[in-house]
Amino acid sequence: MPEFDPTQAIDAIEGLTVGFTLFDADDGFVFCNSRQKELFPGVADLYVPGTPFETIIRASVERGAIAVAVGQEEEWIAERAAIHLVSDGIPHESEHADGTWTELREMQLPNGSRVSLRTDITDRKRAQEALRESEAQFRNLIDGSIQGTLIHRNFKPLMVNHAWAEIFGFDSVEQVLAQDSILASFPEHEQERFQKYAEAWSRGEAAPSQYIYEAIGRDGRRIWVDNIVRTVDWAGEPAIQSTVVDITEKKNIEEALLERERRYRLMFDSAEVCLWDEDFRGVHAEFERLRGEGVQDLHAYLQEHPDIVWELANRIIVNRVNDATLRLFGAATQEELLGSLDRVLP
């Protein structure tokens, strides 16, 4: 068996990408590698055998190397000394004055010596900060949107914005997230359909990605929403994102117009006098053509060209007539009188 060569161990420690420091059982400095000096250049002159541990950490604070110690120097020194005393291997993060971050792990050896390992985690911390900023921007964008956004898994809400909560009559986002299921927001006759959609999306199968449906607000109010759905990754698992626009007012207007149209047709059809619903756009187009050719006095022009009158009459389209008109002309159906007036006029 080859003899142990201490120089090989030192070379191996020197080649580590983490900072390595060894203190003896009396907390005196023994050895560190070059990486440790790179991480703490402000106290590199103290890395000499025998320098007490407390002297090194106190100098780090006094020389401004530790950003979090500013204004609480003695408290930080006491906390750092306690971590060193325990040396249980639990990681501790520190921010340095130059903006870099390191992670510390300390272990006690059987002979009472202590080993300190320092890892540069600056890139990881910056990535975490960038992720937090991205998430904050996403949250601000979602929360500021007038579109309601809900992310759920099996109808258990995972994330929701204020607009969705307001559209569906909840007092707060927290009230929505406290729900075990948001299925109650859908009419009973729609719940089975939406469950089938959700199951299909979860399996990656085809299902409608946009549709309009009537929902029920928390206060029992009926609302109409236009819904766009897609699958997303949430905490490493697939979930469903639903983005809705409240179209209740639009639907109410449409229904009011339909009701007005129904009443108009009822009055139109039941009137005792003949009524014709006619389209004069063809006549208007012909008048515009004549004006474009320089005709200024249409009345005089038509008197001089009576044949044009019949051509204009033929451009009038009959859209609908009432029952009284059908009886007057002896027509059995609307179709017999619809179309150009030349089918009616002699």
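Structure: see above.
Residues numbered from 1 in each chain as written. Predicted model: local features only at pLDDT ≥ 70, side-chain atom pairs only at ≥ 80, totals over all residues. Heavy atoms only, no water.

As for helix α12 (residues 306-314)
Then step 1. I308, L312 and A313 are the residues of α12 that are buried. Buried residues of α12 fall within an arc of 145° about the axis and therefore sit on the same side.
Then step 2. Contacts made by the buried residues of α12 are with α10 (281-292) and α11 (298-304). (Buried < 20%, exposed > 50% of the residue type's maximum accessible area, 1.4 Å probe, protein only. Helix = DSSP H or I, 4+ residues; strand = E, 2+ residues; numbered from the N terminus. Arc of directions from axis to C-beta. Contact = heavy atoms within 4.5 Å.)

Overview of the environment of K156
Then step 1. Note on placement: K156 falls in strand β7 (residues 156-160).
Then step 2. K156 gets classed as partly exposed once you look at its relative accessible area, which sits at 29%.
Then step 3. When sequence neighbours within four positions are dropped, the list of residues in contact with K156 reads I151, L177, A178, Q179 and D180.
Then step 4. A distance of 3.3 Å separates a polar atom in the side chain of K156 from the backbone oxygen of L177.
Then step 5. A polar atom in the side chain of K156 sits 2.8 Å from the backbone oxygen of Q179. (Polar contact = N/O pair within 3.5 Å; in protein donor to acceptor, adjacent residues only side chain to side chain.)

Here's the deal with the packing of helix α3 (residues 53-62) against helix α4 (residues 73-86)
The axes of two packed helices give the description: the angle between them and the distance between them.
Then step 1. Orientation of α3 relative to α4, taken along the N-to-C sense of each, is 145°, at an axis distance of 10 Å. Crossing handedness for the pair α3 and α4: right-handed. Contact with α3, carried on its side by F53, I57, R58 and V61, involves E73, E74, W76, I77, R80, A81 and H84 of α4 and no other residues of that element.
Then step 2. Class assignment of the residues belonging to the contact of α3 with α4 gives a composition of six nonpolar, one polar and four charged. (Axes fitted to C-alpha atoms, helices over the stretch in contact; angles between N-to-C directions. Left-handed = near helix turned anticlockwise from the far one by under 90°. Nonpolar A, V, L, I, M, F, W, Y, C, P; charged D, E, K, R; others polar.)

Function cannot be read off these values alone, since they describe shape.
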